[in-house]
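Structural features, examined
One-letter residues, chain by chain:
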Amino acid sequence: MQAYEFINNLIPPLKINDKAKMALSWMEEIRTNVLPVVKEGQFLGFLSDDLIYTLNTPEMHVGEFEFDSPACFVYQDKHIYDVIKVASEYGLNMVAVIDRENQYMGVVTMEDAIGAFADTLSIQSHGAVVVLSMFMTDYSLFEIARIVETENAKILSSFISNDPLDDSKIKLTLKLDQTELRHIKATLERFGYKIIDHYQEEAGVSEEQDRIGNLLRFLDI
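Residues numbered from 1 in each chain as written. Predicted model: local features only at pLDDT ≥ 70, side-chain atom pairs only at ≥ 80, totals over all residues. Heavy atoms only, no water.

On to the overall build of the protein. Along the protein, the regular secondary structure elements total seven helices and ten strands. The 221 residues of the protein split such that 40% are buried. As displayed, the protein offers around 12,400 Å² of accessible surface, 49% of which is attributable to carbon and sulfur atoms. (Helix = DSSP H or I, 4+ residues; strand = E, 2+ residues; numbered from the N terminus. Buried < 20%, exposed > 50% of the residue type's maximum accessible area, 1.4 Å probe, protein only. Areas by Shrake-Rupley, 256 points an atom, 1.4 Å probe, with all protein chains shown as cover.)

Next up, the structure:
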């Protein structure tokens, strides 16, 4: 799940001698609002359509603009999680990928990154989601998995985030391989775990809708 595995080869980098009108043409064709800028193999940052429209000089060369987010990149061997983190920090829909010699390799789009992220969370697998709140000192995935398995279920993936209702606690989201949660919830509560939310598959919901819905819940969007 390294960043270079998800480089989108359909997104070309701009060179400093390219003209702004060409950049706009590419953006329109690719349906993006930013493109990476590269000089002699070095990533310089991103050029946005907003900046081009603001200056209103289509004949201006790309190298004459002030580029956005020159630090919006990850090294090729970083995990796909790092791509999502950096994209979120800079508010961009793509992140540049460079090698350890700082040579530009390409970009990973947020769409591709989230798709990869969804796969790591087993979102396409059938099952239900249960969300627990607890102190970090009480967190033991081994113990929770043992409890879940007593109800003939397994944890497909887990995700830890801050509990928005209590800064002193964490929120643990579990994807299970079972769709029925009644007995699993009862057993977890019997062992003292606080369940703050759960999501079960519903009949009549398409697989694609279910995948998207579960992903948004995992990401708290």
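Ordered by their spatial adjacency, three strands build an open sheet running S1-S2-S3, and the pairing between neighbours is mixed. Each edge of the open sheet carries a strand with a single partner, namely strand S1 (14-15) and strand S3 (42-48). Note that S1 and strand S2 (residues 34-39) share two bridges and pair parallel. The partner of Lys15 across the bridge, within S2, is Val38. Of the strands in this sheet, S1, S2 and S3 are in contact with helix H1 (residues 20-30), which crosses S2 at around 130 degrees. (Pairing = 2+ DSSP bridges. Contact = heavy atoms within 4.5 Å. Axes fitted to C-alpha atoms, helices over the stretch in contact; angles between N-to-C directions.)

Here we take up the nonpolar core. Side chains that are nonpolar tend, in soluble globular proteins, to be buried together. Judged by nonpolar contacts, the single largest core of 38 residues is most densely connected at Phe46, Leu47, Ile52 and Val83. Those elements giving two or more residues to this core turn out to be H1, S2, S3, helix H3 (80-90), strand S5 (94-98), strand S6 (104-109) and helix H4 (110-120). Counting residues in each nonpolar core, the second largest holds 17 residues, with Leu132, Met134, Ile144 and Tyr193 among its members. (Core = buried A, V, L, I, M, F, W, Y, C linked by side-chain atoms within 4.5 Å.)

Tracing the chain through its elements places Asn93 in the loop between H3 and S5. As for Asn93 and Glu111, which are separated by 18 residues in sequence, their C-alpha atoms are 7.8 Å apart. Residues in contact with Asn93, not counting those within four places in the same chain, are Thr32, Asn33, Val34, Val108, Thr109 and Met110.

This part covers the pattern of salt bridges. Using the criterion set out here, one finds five salt bridges in the structure. Asp77 is paired through a salt bridge with Arg100; the nearest N and O atoms lie 3.1 Å apart. Note that Asp77 is positioned in the loop between strand S4 (73-75) and H3 and Arg100 in the loop between S5 and S6, a separation of 23 residues in sequence. What makes Asp77 partly exposed here is its relative accessible area of 35%. Classification of Arg100 as partly exposed rests on a relative accessible area of 47%. In this structure, the salt-bridge partner of Arg146 is Glu143, at a minimum N-O distance of 2.7 Å. Taken as a pair, Arg146 and Glu143 lie in helix H5 (residues 141-149) at a separation of three residues, close to a single helical turn. (Salt bridge = Lys/Arg side-chain N within 4 Å of Asp/Glu carboxyl O.)

Read across the sheet, three strands follow the order S4-S5-S6 without closing on themselves; strand pairing throughout is mixed. What marks the edges here is a single partner per strand, and that holds for S4 and S6. Recorded for the sheet is a direction-independent mean angle of 30 degrees between the axes of neighbouring strands. Of the pairings in the sheet, the one linking S5 to S6 comprises five bridges and is antiparallel in character. Bridge assignment links Val97 to a residue of S6, and that residue is Gly106. The sheet strands contacting H3 are S4, S5 and S6, and the helix crosses S4 at an angle near 160 degrees.

Attention shifts here to the confidence of the model for the protein. Regions with low pLDDT should not have their predicted coordinates read in detail. Averaged over every residue, the pLDDT of the protein is 86; residues scoring 70 or more account for 86%. With pLDDT under 50 throughout, residues 203-209 is counted as low confidence; its partners more than four residues away or in other chains account for two contacts. (pLDDT = per-residue confidence, 0-100.)

A word on H5. What H5 keeps buried is the set Ile144, Ala145, Ile147 and Val148. Projected down its long axis, H5 shows its buried positions confined to an angular sector of 160 degrees, all on one face. The inward-facing, buried residues of H5 abut strand S7 (129-134), strand S8 (155-162), strand S9 (170-176) and helix H6 (182-190). (Arc of directions from axis to C-beta.)

Our focus in this paragraph is H3. Of all the residues in H3, the buried ones are Ile80, Val83, Ile84, Val86 and Ala87. Seen from one end, H3 has its buried residues packed into an arc of 165 degrees, which puts them on one side. Turned more than 90 degrees away from the buried face of H3, the exposed residues are Lys85, Ser88 and Glu89. Positioned one or two residues after H3, Gly91 has a phi angle of 65 degrees, which is positive.

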